[in-house]
Every structure is written in C-alpha cells, then in structure tokens.
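Coordinates in review
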Amino acid sequence: MMKTKEEQKKVFQELLVPELPALFRTALRMTRNREDAEDLVQEAVTKAFAAFDRFEEGTNFRAWIFKILTNTFINNYYRLRDRQKAPSLEEMEDEASFQPSFEGVTPEEALLNTLTREDILRAIESLPLEFRAVVVLTLVEGFSYKETAEILDIPIGTVMSRLHRGRKLLQKLLWEYSTRKTGMEKENEKGWTAKTL
C-alpha cells in the first residue's frame, strides 16, 4: 500500500533522528568547519527526503543516508578543488609511505602518552578526502568494509587500500603532533625559572 506524503515524512523522521549526531560528526570531519558541516547535513537530508520514495523499506537506512551525505560532500569538494587546484590523490602518495622510528617504546605507547583527543581529530580532518572518507566511515562510524564500499560507491579492495594508506598518513600526522608536543614541553622545561618574592 502506498504511503501518503505525511506518512512518508513521519517514517523518514523516525529513521533520520537517531542518525543525525553521527551524520553531523562525519560532516564535521569531512568539512573541518561547523557551519559547512551544518550546511552539508542539511543538503544531504533535503536530498534524502526528496529521494525517500525510492528508499527500499527494510534495507540499511543508515548506509543509505551516509551515502547521500558522502556523495554530496564529494561532489561539492571536487567542484571546490577544481577551482582551487588542491593536490590530487596521486600527489599524496609519497606521504603514505612514511615509517617513523621509535626507540624503546611501541608506536601506540609513544602516541598515547602525548596526544589528546583534539590532536587525533585534527589529524583525521587533515587527511586528503579520499582517505578521510574511508577512515571516518570505517574507524569512527564503524561501518564495515562492504558498507563503506557501498556508501562511497567503490570496490571493497579500494576501501581496504585507502584505509591502509589513510592509517599510514594518520600515523605520520600523529607522530608529528607527538614529537612537536614533546619538543615544546622540553623547551618549556628549559625556559622555566622560579621567581622569587
């Protein structure tokens, strides 16, 4: 039986409301800007509602709405990148091959000792789009490789490859944040002097 527009709207809202916080988080990671993230979510929700009559009831609404959000962002990103001549995926290849050397501690121990949540989020947000989308969807939002592949409309192998390279870039960025922080702390210790009354 066909649903009326009001019934469709009610079902759409019931499915959408639980996903809004995750949609906004993902949009924020992608856009790196609160205002742009709000605009992106609004645009994606508007597109999703306009296409809701084509959504198959009983299928994965979460993956469907995230696909719309991601495609909307990617389309806007490439439009902007073409205007600004941002670096392409190929130009970022050298970045992904970074291998830090650690002395006496595991990489996890070194990073966890110096990094804050904000450092990690900043590192994720600074990843190139192709890697950031996969990292956010799989590692932050918990989508499976298959769901991520469907959302981004790419093969599972590409998801795995981009996730691997995205993790390498993330490792490099986090290592840089960690060493920068450690260096600043040492400088602060050297420059500190007690003032006498």
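What comes next concerns the included structure. Owing to the predicted nature of the structure, the values given are computational and were not obtained by experimental measurement. Sequence order as written defines residue numbering, which begins from 1 separately in each chain. This being a predicted model, a pLDDT of at least 70 is required before a residue's local features are given, and a value of 80 or more before pairs of side-chain atoms are given or counted; all residues contribute to the totals for chains, interfaces and linings. With hydrogens and water excluded, all non-hydrogen atoms of the structure serve as input to the side-chain values.

**Topic: the overall build of the protein**
Helix and strand counts for the protein stand at nine helices and zero strands. The secondary structure listing takes helices from DSSP runs of H or I that are at least 4 residues long and strands from runs of E that are at least 2 residues long, numbered from the N terminus. Listed by position from the N terminus, the elements making up the protein come as α-α-α-α-α-α-α-α-α. Three labels apply to residues, based on accessible area from a 1.4 Å probe with only protein chains included: buried if under 20% of the type maximum, exposed if over 50%, partly exposed otherwise in between. Going through the 197 residues of the protein one by one, you find that 40% of them count as buried. Note on contacts: a residue pair is in contact if any heavy atoms of the two residues lie within 4.5 Å. Considering only contacts within the protein whose residues lie at least 6 apart along the sequence, 73% involve residues at least 24 apart. Within the structure as shown, the protein displays about 12400 Å² of accessible surface, and the carbon and sulfur contribution to it stands at 53%. Method for areas: the Shrake-Rupley scheme with a 1.4 Å probe, in which residue coverage is limited to the protein chains shown.

**Describing the nonpolar core**
Phe12, Phe61, Trp64, Ile65 and Phe66 are the most contacted members of the largest nonpolar core, which totals 47 residues. Counting residues per element, the ones that place at least two in this core are helix H1 (5-16), helix H2 (20-31), helix H3 (34-50), helix H4 (61-84), helix H6 (117-125), helix H7 (129-140), helix H8 (145-152) and helix H9 (156-191). Top contributing element to this core by residue count: H4, with ten residues. Beyond its immediate sequence surroundings of up to four residues, Phe61 is in contact with Phe12, Leu15, Leu16, Glu19, Phe52 and Phe55. Buried Ala, Val, Leu, Ile, Met, Phe, Trp, Tyr and Cys residues that are joined via side-chain atoms within 4.5 Å together make up what is termed a nonpolar core.

**Describing the pattern of salt bridges**
Think of a salt bridge as a Lys or Arg side-chain nitrogen and an Asp or Glu carboxyl oxygen that are within 4 Å of each other. Scanning the entire structure with this criterion turns up eight salt bridges. Between Lys10 and Glu14 there is a salt bridge whose closest N-O contact spans 3.7 Å. With a gap of four residues between them, Lys10 and Glu14 both fall in helix H1, about one helical turn apart. Here the salt bridges share partners, and the residues they tie into one network are Glu19, Arg25, Arg62 and Glu141.

**Quick word on the packing of aromatic side chains**
Pairing of aromatic rings covers Phe, Tyr and the six-membered ring of Trp, with a centre-to-centre limit of 6.5 Å; geometry is then stacked below 30 degrees between planes, edge-to-face above 60, and tilted otherwise. Inspection of the entire model under this criterion finds ten aromatic pairs. Arranged with centres 6.4 Å apart and planes meeting at 80°, the rings of Phe52 and Phe61 form a pair that is edge-to-face. Accessibility expressed as a relative area gives 7% for Phe52, which makes it buried. We classify Phe61 as buried; its relative accessible area is 6%. Geometrically, the ring pair formed by Phe61 and Trp64 is tilted, given 5.7 Å between the ring centres and 40° between the ring planes. Of this pair, Phe61 and Trp64 both sit in helix H4, three residues apart, roughly one helical turn. When sorted by exposure, Phe61 lands in the same class as Trp64, which is buried. Aromatic rings pair up to connect Phe12, Phe49, Phe52, Phe55, Phe61 and Trp64 into one cluster.

Spatial relationships are all this shows, so hold off on functional conclusions.
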